[in-house]
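The residues making up each chain are set out below.
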Amino acid sequence: MNIVTGAGGFIGKHFVRSLENVLEIDLDNCEEFIEKFNRWDDVDMIIHQGALSSTTNKNLAMIHKYNIDFSIKLFEKAIEYNIPVKYASSASVYGNQQGIINPLNYYALSKATVDYWVLDNIERFRYVQGFRYFNVYGSGEHHKGAMASLVSQFQWQAATGQIHPFEGSDQILRDYVWVGDLVNVVLSNTAGSGIFDLGTGSPTAIGTVAQLVSAKTQSKLIPIPFPPHLKGKYQYYTKADMSWLKDYNFLTIEDYLNRQV
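What you see is a predicted model, and the numbers here were worked out from it, not measured in a lab.

Thoughts on the nonpolar core
Piece 1. Ranked by internal contacts, the top residues of the largest apolar core, which has 30 residues, are Ile-11, Phe-15, Tyr-133, Val-136, Leu-182 and Leu-198.
Piece 2. Broken down by secondary-structure element, the contributors of at least two residues to this core are helix H1 (10-18), strand S3 (45-48), strand S5 (128-133), helix H6 (179-188) and strand S10 (194-198).
Piece 3. Non-local contacts of Leu-182, meaning those with residues more than four positions away in its chain, are made with Ile-11, Phe-15, Tyr-133, Val-136, Val-177 and Leu-198.
Piece 4. Counting residues in each nonpolar core, the second largest holds 27 residues, with Ile-25, Cys-30, Ile-46 and Val-85 among its members.

As for the packing of aromatic side chains
Piece 1. Enumeration over the complete set of coordinates arrives at 16 aromatic pairs.
Piece 2. Each ring, one from Phe-75 and one from Tyr-87, has its centre 5.2 Å from the other, and the planes form 55 degrees; the classification is tilted. Taken together, the residues span a long stretch of sequence, with Phe-75 in helix H3 (residues 60-80) and Tyr-87 in strand S4 (residues 85-90) at a distance of 12 residues. Residues Phe-75 and Tyr-87 agree in their burial class; the two are buried.
Piece 3. Considering the side-chain rings of Phe-131 and Phe-196, the 6.0 Å spacing of their centres and the 35 degrees angle between planes classify their relative orientation as tilted.

Some thoughts on the packing of H1 against H6
Any two packed helices are characterised by the angle at which their axes cross and by the distance between the axes.
Piece 1. Closest axis-to-axis distance for the H1/H6 pair is 10 Å, and the angle between their directions is 60 degrees. Considering their axes alone, H1 and H6 lie oblique with respect to each other. Of the two possible hands of crossing, H1 and H6 adopt the one that is right-handed. Contacts from Phe-10, Ile-11, His-14, Phe-15 and Ser-18 of H1 reach H6 at Val-179, Leu-182, Val-183, Val-186 and Leu-187.
Piece 2. Its residues placed into classes, the contact of H1 with H6 shows eight nonpolar, two polar and no charged.

Quick word on the environment of Gly-168
Piece 1. Among the secondary structure elements, Gly-168 is positioned in the loop between strand S7 (162-163) and strand S8 (173-174).
Piece 2. Classification of Gly-168 by relative accessible area gives partly exposed; the value is 47%.
Piece 3. Sequence separation between Gly-168 and Ile-224 is 56 residues, and the spatial gap between their C-alpha atoms is 9.4 Å.

Some thoughts on the side chain of Ser-90
Piece 1. Of note, Ser-90 is situated in strand S4.
Piece 2. Reaching out from Ser-90, the side chain makes a polar contact with the side chain of Ser-92 at a distance of 2.8 Å.
Piece 3. Beyond its immediate stretch of four places on either side in the chain, Ser-90 contacts Tyr-107, Lys-111, Phe-131, Arg-132 and Tyr-133.

Remarks on the pattern of salt bridges
Piece 1. The final tally for this structure, using the stated rule, is five salt bridges.
Piece 2. In this structure, Lys-65 engages Glu-31 in a salt bridge whose closest nitrogen and oxygen atoms are separated by 3.4 Å. Of this pair, Lys-65 sits in helix H3 while Glu-31 sits in helix H2 (residues 30-36); the two residues are 34 residues apart in sequence, bridging distant segments of the chain.
Piece 3. In this structure Glu-31 comes out as partly exposed when scored by relative accessible area, which is 40%.
Piece 4. Across the pair Arg-124 and Glu-76 runs a salt bridge, and its minimum N-O distance is 2.8 Å. Note that Arg-124 is positioned in the loop between helix H4 (106-121) and S5 and Glu-76 in helix H3, a separation of 48 residues in sequence.

What about the pairing of S5?
Consecutive side chains of a regular strand alternate in pointing toward one face of the sheet and then the other.
Piece 1. Burial analysis of S5 places six of its six residues in the buried class, which makes it a mostly covered element.
Piece 2. The two faces of S5 match: Val-128, Gly-130 and Arg-132 on one face and Gln-129, Phe-131 and Tyr-133 on the other face are all buried.
Piece 3. Alignment of S4 against S5, held across six bridges, turns out to be parallel. In the sheet register, Lys-86 faces S5, and the bridge partner there is Gln-129.

Procedures and definitions
Residues numbered from 1 in each chain as written. Predicted model: local features only at pLDDT ≥ 70, side-chain atom pairs only at ≥ 80, totals over all residues. Heavy atoms only, no water. Core = buried A, V, L, I, M, F, W, Y, C linked by side-chain atoms within 4.5 Å. Buried < 20%, exposed > 50% of the residue type's maximum accessible area, 1.4 Å probe, protein only. Helix = DSSP H or I, 4+ residues; strand = E, 2+ residues; numbered from the N terminus. Contact = heavy atoms within 4.5 Å. Phe/Tyr/Trp six-rings, centres within 6.5 Å; stacked < 30°, edge-to-face > 60°. Axes fitted to C-alpha atoms, helices over the stretch in contact; angles between N-to-C directions. Parallel < 35°, antiparallel > 145°, perpendicular 65-115°, else oblique. Left-handed = near helix turned anticlockwise from the far one by under 90°. Nonpolar A, V, L, I, M, F, W, Y, C, P; charged D, E, K, R; others polar. Polar contact = N/O pair within 3.5 Å; in protein donor to acceptor, adjacent residues only side chain to side chain. Salt bridge = Lys/Arg side-chain N within 4 Å of Asp/Glu carboxyl O. Pairing = 2+ DSSP bridges.

Below is the structure:
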């Protein structure tokens, strides 16, 4: 049996489709699951994807409850029953300091806290891999709304005939990784225990993403002012360190769009 938390989410659903014999766990049943589940001896792997993922969420108590407390309780079960773990961290832990932990919001802080706990306890695990996801995009993001990738948001905007990148988007570079590649790398890599970046290692300007979508959909590019509430809380450059993964051919945004449009 494979346990997938966050199974109803964008990335979680893609894991569920790629695995057999899955027990799906979401936030609304995670507390009951930890308290009452009694088949840990039957679990082959835990794929922990569940979290409150909004970077603007300021409810620290709820973030701590679901992102930190539940993760640690789940990991303690994995340690007790010798179950391998693969879990989602986030590149947001870096803030605007590449390779240095510098969270800019409570969500990122919660992810960094769990990463530190895992590193402090890594020898207790049979096997554990954490992955600091960079900007993940792909099918199934609609329920994420404003938290969806800009690849998807620009595609949705294109249906109106207009795409609205932020002013200055040519100077904002992000590392975008297709969800299909992410799932494949998480499930199939041969690295040992540890915490790893998971992007492509090749950042793309937001302005370039908008241009690619515009070209495919014949939509107009109309920049909008940078939102004041994101100032000081926004990552302006992200690039995954993928030196740990050799000879993997990631799908490009352009090739993805060619498949979609």
